[in-house]
Structures are given as structure tokens and as C-alpha cells.
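Survey of secondary and tertiary structure
Now for the letters of each chain:
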Amino acid sequence: MPFTSGAKAALSRAIAVAKRGPARRVTAVHLLVGLLDGDRTDPASDVLTELGVTG
């Protein structure tokens, strides 16, 4: 299944976050940060924000 452009961007941000620290792998935390730190509105990010999850 191909990723949407938003998913690709979130994954790219997650990889960048993981590279800044000592992590050797992209974890769920990195993925959440990558999703929540996006510039454009993403439906998944909106849901997480409504649930009180912030980056």
C-alpha cells in the first residue's frame, strides 16, 4: 500500500527526529512527533490533538 504525501512527510520528520538523538531506530515516539510537528493539517494529527496528545 503506497503512502500518502502527508504520511511520507511525517515519516521523514520522524526519521529526522530519531537522527538528532541517540536512537538507532525510529520508535512510536518519533512517529508521533513527526505527525504532530507537521505544517499542514493531517486528519490523524487532528484526531490526536482532539484527544489531548500534543507534540
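Residues numbered from 1 in each chain as written. Predicted model: local features only at pLDDT ≥ 70, side-chain atom pairs only at ≥ 80, totals over all residues. Heavy atoms only, no water.

1. Looking at the confidence of the model for the chain
Where the model shows low pLDDT, its predicted coordinates should not be examined in detail. Summing up the model confidence of the chain, the mean pLDDT is 84 and the portion of residues at 70 or higher is 89%. Summarising per-element confidence for the chain, the mean pLDDT is lowest in helix H3 (residues 43-50) (77) and highest in helix H1 (residues 5-20) (90). (pLDDT = per-residue confidence, 0-100. Helix = DSSP H or I, 4+ residues; strand = E, 2+ residues; numbered from the N terminus.)

2. Here's the deal with H1
Compared with the 22 Å implied by 1.5 Å per residue over 16 residues, the 23 Å span of H1 between its first and last C-alpha is a close match. Those residues of H1 that are buried are in contact with helix H2 (28-36). (Expected span 1.5 Å × (residues − 1). Contact = heavy atoms within 4.5 Å.)

3. With respect to the packing of H2 against H3
One way to put it is that H2 packs onto H3 with a least axis distance of 9 Å and a crossing angle of 105°. By the angle between their directions, the pair H2 and H3 is classed as roughly perpendicular. Contacts from Leu32, Leu35 and Leu36 of H2 reach H3 at Ala44, Ser45, Leu48 and Thr49. Class assignment for the residues of the contact of H2 with H3 results in five nonpolar, two polar and no charged. (Axes fitted to C-alpha atoms, helices over the stretch in contact; angles between N-to-C directions. Parallel < 35°, antiparallel > 145°, perpendicular 65-115°, else oblique. Nonpolar A, V, L, I, M, F, W, Y, C, P; charged D, E, K, R; others polar.)

4. Here's the deal with a nonpolar patch on the surface
Nonpolar side chains collect at one region of the surface, where Phe3, Leu11, Ile15, Val26 and Leu31 lie side by side and expose about 400 Å² of accessible area between them. Relative to the assigned elements, Ile15 resides in helix H1. (Patch = residues over 30% accessible without salt bridge, like charges linked within 9 Å, V, L, I, M, F, W, Y side chains within 5 Å. Areas by Shrake-Rupley, 256 points an atom, 1.4 Å probe, with all protein chains shown as cover. Salt bridge = Lys/Arg side-chain N within 4 Å of Asp/Glu carboxyl O.)

5. Some remarks on the packing of H1 against H2
Relative orientation of the contacting elements H1 and H2 amounts to 125°, with a least axis distance of 7 Å. By the criterion of interaxial angle, the relationship of H1 to H2 is oblique. Here H1 runs over H2; the crossing is right-handed. Facing Ala10, Leu11, Arg13, Ala14, Val17 and Ala18 of H1, the residues of H2 in contact are His30, Leu31, Val33, Gly34 and Leu35. Per-class residue counts for the contact of H1 with H2 are eight nonpolar, two polar and one charged. (Left-handed = near helix turned anticlockwise from the far one by under 90°.)

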